Amino acid sequence: MRRKYFLPVIFLYGILLIGSCAITTDDESDDIAKYIGTWNVNDQPARLNYTVTIVANPSNTAEILLNNFADLGSTAVGLVVGKSVVIDNQSLSSEYSVNGIGSFVNNTKLEFNFELNDGIDIESRIAIFSK
């Protein structure tokens, strides 16, 4: 009777063992790498066109630095979480603060929804980054 169950158990164990050895490519460095580069930005409703250069943050491997974010000449810090970038409330200059979220669409397109606050007004913006 034990022999009857031996082969199915071994078969199931083999499948589980092989499945646990699957190679995954979804690590932090891959998540960061897809954002790195110079991007052309179409920023609405401000109707601005400018470039943003994204580099890895040397101080934190889970973050990127977005140079010239919102065309202010300042650098925003974004936390990369898979296909999303979280921009926590931060000062971009002495006059502006920003917060928002971005998403990786594909290798040539990113989308950011953010709020720009000058201390008086809060402006909601949608920026499309393209290569």
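Report on the accompanying structure. (Residues numbered from 1 in each chain as written. Predicted model: local features only at pLDDT ≥ 70, side-chain atom pairs only at ≥ 80, totals over all residues. Heavy atoms only, no water.)

So, about the sheet that holds strand 4 (residues 75–81). Spatially, 8 strands are ordered 1-2-3-4-5-6-7-8 in a closed barrel, and the strand pairing comes out antiparallel. Ignoring strand direction, the axes of neighbouring strands in this sheet form an average angle of 30°. (Pairing = 2+ DSSP bridges. Helix = DSSP H or I, 4+ residues; strand = E, 2+ residues; numbered from the N terminus. Axes fitted to C-alpha atoms, helices over the stretch in contact; angles between N-to-C directions.)

Here the focus is the nonpolar core. Grouped together as the largest cluster of nonpolar side chains are 24 residues, with contacts concentrated most on Ile54, Leu66, Phe69, Phe112 and Phe129. Among the elements of the structure, strand 1 (37–44), strand 2 (48–56), strand 3 (63–67), strand 4, strand 5 (84–91), strand 6 (97–106), strand 7 (109–117) and strand 8 (122–130) are those that each provide at least two residues to this core. The leading source of residues in this core is strand 7, at 4 residues. (Core = buried A, V, L, I, M, F, W, Y, C linked by side-chain atoms within 4.5 Å. Buried < 20%, exposed > 50% of the residue type's maximum accessible area, 1.4 Å probe, protein only.)

Applying the stated criterion across every chain yields a total of 4 salt bridges. Its salt-bridge partner being Glu123, residue Arg125 comes within 3.2 Å of it at the nearest N-O pair. On the basis of relative accessibility, which here comes to 9%, the residue Arg125 falls in the buried class. Look at Glu123 and you get partly exposed, because its relative accessible area is 32%. Via salt bridges that share partners, Asp43, Glu123 and Arg125 belong to a single interconnected network. (Salt bridge = Lys/Arg side-chain N within 4 Å of Asp/Glu carboxyl O.)

On the secondary structure map, Ser103 appears in strand 6. Take Ser103: its relative accessible area is 27%, and that puts it in the partly exposed class. As a C-alpha pair, Ser103 and Val80 span 23 residues in sequence and 9.4 Å in three-dimensional space. The contacts of Ser103, once residues within four sequence positions are left out, are Lys83, Ser84, Lys109, Leu110 and Glu111. (Contact = heavy atoms within 4.5 Å.)

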